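Below are the chains, spelled out letter by letter.
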Amino acid sequence: MSIAAPLVDQFQRRITYLRLSVTDRCDLRCAYCMPERQTFLPRAEVLSLEELHELALGFIARGITKIRLTGGEPLVRRDMIELVKALGRKVGGGLDELTMTTNATRLAEFADDIRAAGVRRINISLDTLDRGTFARLARRDSLPQVLEGIAAAKEAGLKVKINTVALKGINEAEIPTLIAWAHGQGFEITLIEVMPLGEVEQDRFDHYLPLSAMRESLEQRWTLTPDDHRSGGPARYVTVAETGAAGIGGRLGFITPLTNNFCDGCNRIRVTATGQLYACLGGNEQVDLRAALRSDAPDAAISEALDVAMKIKPERHHFVIDKPGGAPALARHMSMTGG
Ligand code: SAM
Ligand code: SF4
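Note that the coordinates shown come from a computational prediction; the quantities given were computed from them, not determined experimentally.

So what about the nonpolar core? Which residues, and what values?
With 101 residues, the main nonpolar core has Phe59, Ile67, Leu69 and Leu277 as its most contacted residues. The residues contacting Leu277, other than those within four sequence positions of it, are Phe59, Ile269, Arg270, Val271, Glu285, Gln286, Val287, Leu289, Leu306 and Ala309.

Structural data, given as structure tokens:
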């Protein structure tokens, strides 16, 4: 496929990866992500399925080769599977990969269709295997459905990566158990530092766990060997000799936006469910793609908007969680921008 003009920002980073949020709504209320009484967008403001599809095609025309559908919880959007099917048809014909991040509460219902549409790998967020801790953290007693969803994904032949936000005093002690469980299932697992995005009830400082400390503690227990694997993102990997299967170490990733950012290799941009393109997860630089979509010449307007995005993408984010009571770096929740 010939690409009009690839997306390259002012720091010479080639942008090939789009995270597309299909809704800001969610059936869970993870305490670090959003408040219990989160105000969601009026449905009229959210892009229609056709608009999301058209937008995605505009990105593919400019050299985006990987799309991750996210939210909010993508699977709470009723017509979502139709978008997966439509974009799945581009895999191998413009797209190298279509994937999704989900909390898995509804995955049991959709795993087979997602796989049949052309999705091969999926990220599932899971912070604990303890039902009580899950119910307190996600403020919904949904662990049984989540585990059913994970089992269905595995059964459907989807390659699963577990994402776990490491939280001091909440799942810190359980992290070795989670790693051993994930590797035992044949899944990769990546640990993530909590980021100061959007107001929540708690002070994120109270539960912020620097992964440098977590890694040291895991090294006391297991043999961690640095692994060159790169997913084109900020994760850095090790293999854990003791938890893999058949003599192959299990892969463990660390995403450390606070202790060590890897913005120099950033290849991604994000679009909200209302069509706002955010050039950086940690910044307010944005371009209105909904206006472009609804203009008289949408193809040209989207392409022009993407050129603007390349000019405003910042060099790096500036997250810190260094003292109690600190304000979030941004008012926007991760569920808005798309994680
Ligand atoms: N609902 C889906 C899920 O949870 O997988 C997709 C959207 S969610 C916003 C995507 C990821 O962002 C999840 O892995 C979640 O744990 C993570 N996340 C949400 N808020 C975060 C924060 N403040 N800091 C770090 N990670 C966060
Ligand atoms: Fe929902 Fe995902 Fe945020 Fe949890 S992390 S509240 S599942 S959007």
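Give a detailed account of the packing of aromatic side chains, specifying residues and quantitative values.
Each aromatic ring pair is specified by the distance between its two centres and by the angle formed by the two planes. According to the stated counting rule, one finds one aromatic pair in the structure shown. With a centroid separation of 5.9 Å and an interplanar angle of 75°, the aromatic rings of Trp181 and Phe187 are classed as edge-to-face. The buried category is assigned to Phe187, whose relative accessible area is 5%. Stacked on the ring of Tyr17, the Lys or Arg Lys66 has its end atom at 4.5 Å from the ring centre. Seen from the ring of Tyr237, Arg251 lies directly overhead, with NZ or CZ sitting 5.9 Å from the centre.

Before we move on, could you go through unusual backbone geometry and cite the residues and values that matter?
Of note in this structure, Gln12 is not a glycine but carries a positive phi near 65°. With a phi angle near 55°, Arg139 is a residue other than glycine that sits in the positive phi range. Relative to the helices and strands, Arg139 resides in the loop between α4 (131–138) and α5 (143–156). Exposure remark for Arg139: the relative accessible area of 21% places this residue in the partly exposed category.

The rules we used
- In this numbering scheme, every chain counts its residues from 1 along its sequence in written order.
- To label them, take the chains in the order written and letter them from A, then take the ligands in the order written and number them from 1.
- For this predicted model, a pLDDT threshold of at least 70 governs which residues receive local features, and a threshold of 80 or more governs which side-chain atom pairs are given and counted, while totals over whole chains, interfaces and linings are taken from all residues.
- Think of the side-chain values as coming from all heavy atoms in the structure, minus any hydrogens and water.
- Here, nonpolar core means buried Ala, Val, Leu, Ile, Met, Phe, Trp, Tyr and Cys residues that are tied together by side-chain atoms lying within 4.5 Å of each other.
- For every residue, the accessible area obtained with a 1.4 Å probe (protein chains only) is divided by the maximum for its type, and the residue is called buried under 20%, exposed over 50%, and partly exposed between those limits.
- What makes two residues a contact is simply this: any of their non-hydrogen atoms within 4.5 Å.
- What counts as a ring pair is set by centres within 6.5 Å for rings of Phe, Tyr and Trp (its six-membered ring), and what kind of pair is set by the plane angle: stacked under 30 degrees, edge-to-face over 60, tilted for all other angles.
- We call a charge positioned over a ring when the NZ of a Lys or the CZ of an Arg lies within 6 Å of the ring centre and within 35 degrees of the ring normal.
- Counting from the N terminus, the helices are the DSSP runs of H or I reaching at least four residues and the strands are the DSSP runs of E reaching at least two.

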